[in-house]
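In case you want the letters, here they are:
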Amino acid sequence: MRTLSRVGALSAVAAAAVFCAPAAAHATAPAVGHGDNGTVKIHDAATGEELRKNEPHVCEFYLDAFGFDSVQKVDWHIEAWAPTAAVKGETVESGAITLDGEGHGRTADMTLPDGHYKLFWNFEGENGSAKHKVFWSECEDEEEGGGTATPSTPASETPGEPTTEPSASPSAPAEAAPSSSPSPQGGAEGDLAETGNGAPVGLLSAAAAALLGAGGYLVFRRRKA
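Here is what the cut-offs are and how they apply
- Residues numbered from 1 in each chain as written.
- Predicted model: local features only at pLDDT ≥ 70, side-chain atom pairs only at ≥ 80, totals over all residues.
- Heavy atoms only, no water.
- Pairing = 2+ DSSP bridges.
- Helix = DSSP H or I, 4+ residues; strand = E, 2+ residues; numbered from the N terminus.
- Disulfide = S-S within 2.5 Å.
- Buried < 20%, exposed > 50% of the residue type's maximum accessible area, 1.4 Å probe, protein only.

(A) Region of the structure containing the pairing of strand β8 (residues 131–137). Note that strand β2 (residues 57–58) and β8 share 2 bridges and pair parallel. Paired with V58 across the two strands is S137, which belongs to β8. Pairing between strand β7 (residues 115–123) and β8: 7 bridges, direction antiparallel. Looking across to β8, one finds that K118 is bridged to V134.

This is the structure in structure tokens:
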């Protein structure tokens, strides 16, 4: 009986060890990365790294990654994409980056000719295909918008105004300055006054002389009579 009891106790201990072994192994297993949970964004060069937004229309830009494993190593490349790609799938830019302890990192700023592109972001532990982003490079519109202001037209108009106005204004007084009309009119009026006054004075003097002569003749006749 004692032998059977001992055999039963050993069997129970062995069974408990078998069932507890997986739990102990799981508890002591080293922690692993959180897997394919990160994301990558296209950022304009003027956008801060802390902003987790995607900007699909850029000129100068960089790639910004968030939430990956600590010190994650990433290989990336950019391909020309339809509808503007001359050759679909042609790699136009590529590189590699090691993220920081928080799974964050950014590339250097870069530019591409105007067109449509697709980013492929590859790393160890990714699920399925690489992470990717499509975007447009639009630098020509920004250059044209910056050089539209040409203030040459107002500058040419302002000098023209003062030059034409002063030249026209002095000419009018110059033409109106010579006043030759008053002198002939004044002379004419003076001549008419002199001739008009002179004619009555002559007639009156002649009539007065005739009356004096007639009066003297009458006086002489009376005295003689």
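(B) Here's a closer look at the state of the cysteines. A complete count under the given rule lists 1 disulfide for this structure. Through a disulfide, C59 is tied to C139; the S-S separation comes to 2.0 Å. Residues C59 and C139 are joined through a disulfide that is right-handed, its torsion about the S-S bond being 110°. Pair noted here: C59 is in the loop between β2 and β3 (61–66) and C139 is in the loop between β8 and α2 (140–146), with a separation of 80 residues, a long-range link. Taking the relative accessible area as the measure of exposure, C59 reaches 15% and is therefore buried.

(C) Examining unusual backbone geometry more closely. In this structure, the amide linkage connecting A82 to the following residue, P83, adopts the cis form with an omega of 10°. You can see P83 is positioned in the loop between β4 (73–80) and β5 (91–98). The phi angle at V71 is positive, at roughly 55°, despite the residue not being glycine.

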